[in-house]
Amino acid sequence: MEVESTEESRVDSGTASVTEEKKSTDKPDTQENNSELPSTSSEDGACSASGPSSSAEKKKKEPLCIIVLGMAGSGKTTFVKRLDSYLNVRKPHYVINLDPAVDKVPYMSYIDIRDTVNYKEVMKQYGLGPNGGIVTSLNLFSTMFDDVLKLLSKKEQDLDYIIFDTPGQIEVFNWSASGPIIAGALAATYPTVIVYVLDVVRSTNPQTFMSNMLYSCSILYKYKLPFIIAMNKIDIISCKYALDWLHDFDEFQDALAAESNYASNLTRSLSLALEEFYSNIKACGVSAFTGEITRLLPAMSDAEDIDYFVLGFEDFAESARLLEDDFFQREPLVEHRETLSPFSIHRIDRKDTEGMPCLRGVLRCQGRQGKKLGGGSVVLYNDKGAFGC
Ligand SMILES: Nc1nc2c(ncn2[C@@H]2O[C@H](COP(=O)(O)OP(=O)(O)OP(=O)(O)O)[C@@H](O)[C@H]2O)c(=O)[nH]1
Ligand SMILES: [Mg+2]
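Going by an unreviewed UniProt entry, the protein carries the name GPN-loop GTPase and comes from Penaeus vannamei. Its UniProt record gives the protein a comment under Function (unreviewed entry), which states: "Small GTPase required for proper nuclear import of RNA polymerase II (RNAPII). May act at an RNAP assembly step prior to nuclear import."

In structure tokens:
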């Protein structure tokens, strides 16, 4: 299938083509990273301490994509930085920044959305506020995600992990067009897991905890990908209360008992509805700040069968890989991975189907065997600033 040239895929302003670049750290690394983990970045940007592997070993290799999502300020970027630091001298990996509005990133990124989309220009050009600007920037970037996949495909044999940091605005991934496009394209190409970072400090109120769970539930069911909840900031408070609430319905009801208002009644009903969801997720406590991590708990339903034991962030990444394998073997979603398809931009139009001026990326999806599965379009209207799929 032909893919549009990069030049044509560009939007008039605010975007440039996707480039591979080992971006130097904007922020100096903190104590723990530098001292214990000297950088071994290779020329092409992959961080690896492992020696050259045999060609047979190389053939089998498929990097695991880890998409890090979570509420604003939950610690996604710090978590990515921590994972990057642990893997630096151990496993070859790339980090990709998908947050267009971040000022500085504390890790070395292989691809950075900020090199492709100018978030401030997008705001100006489409008359958007900060949140609309982030959503639209991500949507624009997603129309070029094919180029990202092409860049990654050149390096995939040398990589163990590809880690994605995402914007604070979780709705960018959850409700806009770009999330499904990016996650779908990745999952169709590589084993992919979602790590949902939950701030344990901010979730001690049962109702806030429930809001967080509703978000994570909608992400799990939307993407149907292996899912881990990383209960972050356990250096400040233990995540035991959250794990108890997750796995023991009565504990959560007791915590709610103190309050009787409309919101707590609603939360009580929701917790009943979410029991099924809870049985499908794995969770562990982490501190992106100190590197502390607890055991990655298997879901209650399969507690006897699998055990993901986590000692450090490297093991976390390995556990994530185990979980990915296991997920597709167990779940009725086994076909999901095969039917998900990488998309490519088939055509760029300047008008929508009714002749309105817009930027319209016509996408085509292919199965892994090259079988045509379908298509769709991503449309950006200049005048309305609306963006749909
Ligand atoms: N104590 C403690 N603080 C943390 C931890 N992880 C992150 N933080 C702090 O939480 C704040 C937010 O962290 P970020 O990593 O920027 O969070 P984020 O989710 O990437 O934020 P956005 O991208 O803006 O949504 C920072 O001040 C971090 O230092 C942790 O494990 N423990
Ligand atoms: Mg961040």
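In this structure, Ser-279 sits in the loop between helix H14 (275-278) and strand E7 (282-286). The class of Ser-279 is partly exposed, set by a relative accessible area of 24%. C-alpha of Ser-279 to C-alpha of His-247: the two residues are 32 residues apart in sequence and 7.9 Å apart in space.

Looking now at the packing of helix H6 (residues 130-142) against helix H9 (residues 178-189). Two measures define how a pair of helices packs: the angle their axes make with one another and the distance between the axes. Viewed as axis vectors pointing N to C, H6 and H9 meet at an angle of 35°, and their least axial separation amounts to 9 Å. Where H6 crosses over H9, the handedness of that crossing is left-handed. Mapping the contact onto sequence places Leu-138, Asn-139 and Ser-142 in H6 and Ser-178, Ile-181 and Ile-182 in H9.

Before going further, it helps to spend a moment on the site of ligand 1. Near ligand 1 lie 17 residues; those nearest to it are Lys-76, Thr-77, Thr-78, Gly-168 and Asp-235. In the model, an oxygen atom of ligand 1 is placed 2.8 Å from a nitrogen or oxygen of the Thr-77 side chain. Phe-289 is positioned with one of its backbone polar atoms (N or O) 3.1 Å from an oxygen atom of ligand 1. Contact with the protein chains hides 70% of the accessible area of ligand 1, taken as 640 Å² for the molecule alone. When residues of the shell around ligand 1 are assigned to their parent elements, the largest contribution, 3 residues, is made by helix H4 (residues 76-88). Across the shell around ligand 1, the residue classes break down as 5 nonpolar, 8 polar and 4 charged.

Each value, and the rule that gives it
- Within each chain, residue numbers correspond to sequence positions counted from 1 in written order.
- Just so you know, chain letters begin at A and ligand numbers begin at 1, following the order they were written in.
- Whole-chain, interface and lining totals are the exception, using all residues; otherwise, since this is a predicted model, local features are given only for residues with pLDDT of at least 70 and side-chain atom pairs are given and counted only at 80 or more.
- Think of the side-chain values as coming from all heavy atoms in the structure, minus any hydrogens and water.
- UniProt positions are given in the numbering used here, feature names are shortened, and annotations may be inferred rather than shown by experiment.
- Starting at the N terminus, helices and strands are each numbered in turn, a helix being any DSSP run of H or I of at least four residues and a strand any DSSP run of E of at least two.
- Only protein chains enter the calculation, and the probe is 1.4 Å; a residue is then buried if its accessible area is under 20% of its type maximum, exposed if over 50%, and partly exposed in between.
- Only the stretch in contact is used when a helix axis is fitted, and all axes are lines through C-alpha atoms; the angle between N-to-C directions ranges over 0 to 180 degrees.
- Handedness of a crossing is defined here by the sense of rotation of the near helix relative to the far one, left-handed for an anticlockwise turn of less than a right angle and right-handed for a clockwise turn.
- Any two residues whose heavy atoms approach within 4.5 Å are treated as being in contact.
- If even one non-hydrogen atom of a residue comes within 4 Å of a molecule or strand, that residue is called near it.
- Two N or O atoms form a polar contact when they lie within 3.5 Å of each other; inside protein one atom must be a possible hydrogen donor and the other a possible acceptor, and for residues adjacent in sequence the pair counts only when both atoms belong to side chains.
- In short, Shrake-Rupley with a 1.4 Å probe defines the accessible areas, and a residue's cover is counted only from the protein chains shown.
- All residues other than Ala, Val, Leu, Ile, Met, Phe, Trp, Tyr, Cys, Pro, Asp, Glu, Lys and Arg, Gly among them, are scored as polar; the first ten of these are nonpolar and the last four charged.

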